[in-house]
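# Architecture at a glance
The primary structure of each chain is shown beneath.
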Amino acid sequence: MKIDFETNVFPLFHPQSVDDLKDPCPVFDGSVWHVFGSSGTVTTETWRILHATAPDLYGPWTEHEPIELPINGTGVAAPGVIHESGVFHMFIQTEFMKSGGRCEHAVSNDGFHWVVLSPAILAIPDTEEDGIYDPHPAVIGGKRYLAYSAMPKFTRVPQPDIYLARSQSDSWFGPWKRIGKILDHNDVPHHNTREDPDYEWGIEGAQLVELPDGRVLLNATCFLPNGLRGNRQRVFFAIADEVSGPYVSIGPVLEPGQPGENGHSTVMIEGSQLSLFYQSRVAATDHRWRYGLARCDVALFSKVA
């Protein structure tokens, strides 16, 4: 399904001192917009936790000092953040290119100063969740969930699918009950297959949001089965009647418009409007990752059976 985005602004801003901006998660605290993400470089896969603020989603964005958390890992990045009852809750990965990993939980009253609590979920060795990453919180039907990527042990590159956990306490403090896999490689016809000799990566960056009609929209990143590397990553949407699925993909929803690709994003629905805050790298940005913002009428999804 082709999504007719009425507006698409890219890039929103350029970072002050790093090559790349990835994994955006915008959050409104009632007066100011915050965006949390990954800032660093894909050259060495070195990342810090981005924090920027703005009076409006379109900016102007002011970058602040990267958030420092007392968390160990080689891939501490890709924060999924939600603001509820005056508190920011951040769920963040510790690894993404190897087995193991934890979904850590931190809280803040202002978005600047954070306290790390006990991990929400841990990888389970020698299972389909031998590695976990990309957690993103969501409220669906009044219940609190975490969508995340999980993968078995691998020999070439990670091959994650999308998994779900639900809070058992009706709060962001858990404990978290694993519901299991909700989207598999085989459920996404526009994604490279595990057997592809030029396989690039698995399904990642998942986020769930409730549509006005009660159905659930899954927003995630796939890798097309064709094309040159550096041009195959795409934001795609899938829809289900229930939070646990089954999800039916409506396909990649946003084309780069020039040589390049897009991916890891966050969807927000406000009234009749859906906003897609995404990452992209194209020739015009010298193939460096930047953030973009596209908007469409949420009523478009009522046409999807």
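See above for the structure.
Our subject in this report is the structure included herewith. Just so it is clear, the model here is predicted, and its values are computed rather than measured.

### Some points on the overall build of the protein chain
Broken down by element type, the protein chain carries zero helices and 21 strands. Rg of the C-alpha trace for the protein chain: 18 Å, near the compact-globule value of 19 Å for 305 residues, within the 12% margin. Across its three principal directions, the C-alpha atoms of the protein chain cover 45 × 45 × 45 Å. Counting every position in the protein chain, which comprises 305 residues, the buried fraction comes to 59%.

### Overview of the pairing of strand β19 (residues 260-270)
Of all eleven residues that make up β19, nine are buried, and the element is covered over most of its length. Pairing geometry for β19 and strand β20 (residues 273-282), over ten bridges, is antiparallel. For T266, the partnering residue across the bridge sits in β20 and is F277.

### Brief notes about the pattern of salt bridges
Tallied over the entire structure, the rule returns 19 salt bridges. We note a salt bridge from R194 to D161, for which the minimum N-O separation is 2.6 Å. Residue R194 is located in the loop between β14 (176-183) and β15 (204-210), and its partner D161 is located in strand β13 (residues 161-167); the two are separated by 33 residues in the primary sequence. Accessibility expressed as a relative area gives 3% for D161, which makes it buried. For the salt bridge of R281 with E261, the shortest nitrogen-to-oxygen distance reads 2.7 Å. Placement of R281 in strand β20 and of E261 in strand β19 is noted, with a sequence separation of 20 residues between them. Like E261, R281 is buried. Salt bridges sharing common partners tie together E128, D161, K181, D184 and R194.

### Brief notes about the packing of aromatic side chains
Tallying each qualifying case throughout the model produces 15 aromatic pairs. Note on F36 and W114: the rings are 5.8 Å apart at their centroids and 85 degrees apart in plane angle, and the pair reads as edge-to-face. With a gap of 78 residues between them, F36 in strand β3 (residues 33-41) and W114 in the loop between β8 (102-108) and β9 (115-116) connect regions that are remote in the sequence. W114 gets classed as buried once you look at its relative accessible area, which sits at 12%. By the ring-pair criterion, three or more aromatic residues cluster together here, those being F13, W61, F277 and Y291.

### What to know about the environment of A206
Note on placement: A206 falls in strand β15. Sequence-wise, A206 and L164 are 42 residues apart; in three dimensions their C-alpha atoms are separated by 9.8 Å.

### Section: the sheet that holds strand β18 (residues 248-252)
Read from one edge to the other, the open sheet built from four strands follows the order β15-β16-β17-β18, with strand pairing classed as antiparallel. Two strands bound the open sheet, and with one partner strand each, they are β15 and β18. Here the average twist between neighbouring strands, direction ignored, is 25 degrees.

### Overview of the pairing of strand β16 (residues 216-223)
Of all the eight residues making up β16, eight are buried; the element is thus mostly covered by neighbouring parts of the structure. Of the two faces of β16, the one lined by V216, L218, A220 and C222 and the one lined by L217, N219, T221 and F223 are each fully buried. The turn linking β15 back onto β16 is made up of five residues, and G214 within it adopts a positive phi angle of 95 degrees. Bridge count between β16 and strand β17 (residues 233-240): eight bridges; the pairing is antiparallel.

### Regarding the nonpolar core
Counting residues in hydrophobic clusters, the biggest one holds 22 residues, and the most contacted among them are L183, L208, L218, F236, V243 and Y247. Counting residues in each nonpolar core, the second largest holds 21 residues, with V267, L274, C296 and F301 among its members.

### Concerning unusual backbone geometry
Here the amide bond leading from F10 into P11 is cis, since omega sits at -10 degrees, within 30 degrees of zero. Tracing the chain through its elements places P11 in the loop between β1 (7-9) and β2 (20-28). The omega torsion across G245 and P246 is 5 degrees, close enough to zero to call that bond cis. Its location among the elements puts P246 in the loop between β17 and β18. If you check the backbone angles, A78 has positive phi at about 55 degrees while not being a glycine. Here A78 lies in strand β6 (residues 77-84).

### Structural notes on the side chain of E63
Structurally, E63 is set in strand β5 (residues 62-63). For the buried E63, which has no salt bridge, the nearest side chain bearing the opposite charge is R290, at an N-O separation of 8.7 Å. At 2.7 Å, the side chain of E63 and the backbone nitrogen of Q16 are in polar contact. Not counting chain neighbours up to four residues away, the residues in contact with E63 comprise F13, H14, P15, Q16, L50, H51 and A52.

Rules behind the numbers
- Residues numbered from 1 in each chain as written.
- Predicted model: local features only at pLDDT ≥ 70, side-chain atom pairs only at ≥ 80, totals over all residues.
- Heavy atoms only, no water.
- Helix = DSSP H or I, 4+ residues; strand = E, 2+ residues; numbered from the N terminus.
- Rg over C-alpha atoms; globule rule 2.2 N^0.38 Å.
- Buried < 20%, exposed > 50% of the residue type's maximum accessible area, 1.4 Å probe, protein only.
- Pairing = 2+ DSSP bridges.
- Salt bridge = Lys/Arg side-chain N within 4 Å of Asp/Glu carboxyl O.
- Phe/Tyr/Trp six-rings, centres within 6.5 Å; stacked < 30°, edge-to-face > 60°.
- Axes fitted to C-alpha atoms, helices over the stretch in contact; angles between N-to-C directions.
- Core = buried A, V, L, I, M, F, W, Y, C linked by side-chain atoms within 4.5 Å.
- Lys, Arg positive; Asp, Glu negative; His and termini not counted.
- Polar contact = N/O pair within 3.5 Å; in protein donor to acceptor, adjacent residues only side chain to side chain.
- Contact = heavy atoms within 4.5 Å.

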